[in-house]
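Chains, contacts and geometry: an overview
Take a look at the letters that make up each chain.
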Amino acid sequence: EHKGFFERIPDADGTIISIQKMIAAPLLDRSGEQIGVIELSRAASSPAAAGADFTARDATNLEKSCKIFAPYLAHVWAME
């Protein structure tokens, strides 16, 4: 369902482009509890036009990044 939501958002030219490739990683708080998921996507008219596939290294880098900023997000959300 979320994919359908993001595919309704037009680009700067007002064109709606389909998501062709996606990568995701969990957002974990300091205790290891999952508080959400981050998804990165590439939209284009076709998979070839979306560029290279995401790699295992991309996934590792995304997971490492999430470990750094997810606890901050959990803290900020707790303050609201």
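Let me sum up the structure you'll find in this document. (Residues numbered from 1 in each chain as written. Predicted model: local features only at pLDDT ≥ 70, side-chain atom pairs only at ≥ 80, totals over all residues. Heavy atoms only, no water.)

On to the overall build of the chain. For the chain, the count of helices and strands is two helices and two strands. Along its sequence from the N terminus, the chain presents helices and strands in the succession α-β-β-α. Dimensions of the chain, computed from C-alpha atoms along their principal axes, come out at roughly 40 × 30 × 20 Å. Each of the 80 residues in the chain was classed as buried or not, and the buried ones make up 18%. When contacts within the chain are restricted to residue pairs at least 6 apart in sequence, long-range pairs at least 24 apart make up 47% of them. Working note: accessible area of the chain is about 5,900 Å², and carbon and sulfur atoms make up 55% of it. (Helix = DSSP H or I, 4+ residues; strand = E, 2+ residues; numbered from the N terminus. Buried < 20%, exposed > 50% of the residue type's maximum accessible area, 1.4 Å probe, protein only. Contact = heavy atoms within 4.5 Å. Areas by Shrake-Rupley, 256 points an atom, 1.4 Å probe, with all protein chains shown as cover.)

Its place among the elements puts Asp 29 in the loop between β1 (19-28) and β2 (34-43). For the buried Asp 29, which has no salt bridge, the nearest side chain bearing the opposite charge is Arg 30, at an N-O separation of 8.4 Å. Polar side-chain contacts of Asp 29 include one of 2.7 Å to the side chain of Ser 31. The contact partners of Asp 29, leaving out residues within four places of it in the chain, are Ile 35 and Ala 74. (Lys, Arg positive; Asp, Glu negative; His and termini not counted. Salt bridge = Lys/Arg side-chain N within 4 Å of Asp/Glu carboxyl O. Polar contact = N/O pair within 3.5 Å; in protein donor to acceptor, adjacent residues only side chain to side chain.)

Moving on: the pattern of salt bridges. Applying the stated criterion across every chain yields a total of one salt bridge. The salt bridge involving Lys 21 is made with Asp 53; its shortest N-O contact spans 2.7 Å. One end of the pair, Lys 21, is in strand β1; the other, Asp 53, is in the loop between β2 and α2 (56-79), and 32 residues separate them in sequence.

Below, the discussion takes up the pairing of β1. The pairing of β1 with β2 spans nine bridges and is antiparallel. Across the sheet, residue Ile 23 finds its bridge partner in β2, namely Leu 40. Here β1 folds back onto β2 in antiparallel fashion, the turn holding five residues, of which Gly 32 has a positive phi close to 95°. (Pairing = 2+ DSSP bridges.)

Let's shift gears to the environment of Gly 32. Turning to its location among the elements, Gly 32 is positioned in the loop between β1 and β2. For Gly 32 and Pro 71, which are 39 residues apart along the polypeptide, the C-alpha to C-alpha distance reads 9.4 Å.

Before going further, it helps to spend a moment on the nonpolar core. Ile 23, Ala 25, Leu 27, Leu 62, Cys 66 and Ala 70 form the largest nonpolar core, which has six residues in total. Residue contacts for Ile 23: discarding those within four places in its chain leaves Ile 38, Glu 39, Leu 40, Phe 54, Thr 55, Asp 58, Ala 59 and Leu 62. (Core = buried A, V, L, I, M, F, W, Y, C linked by side-chain atoms within 4.5 Å.)

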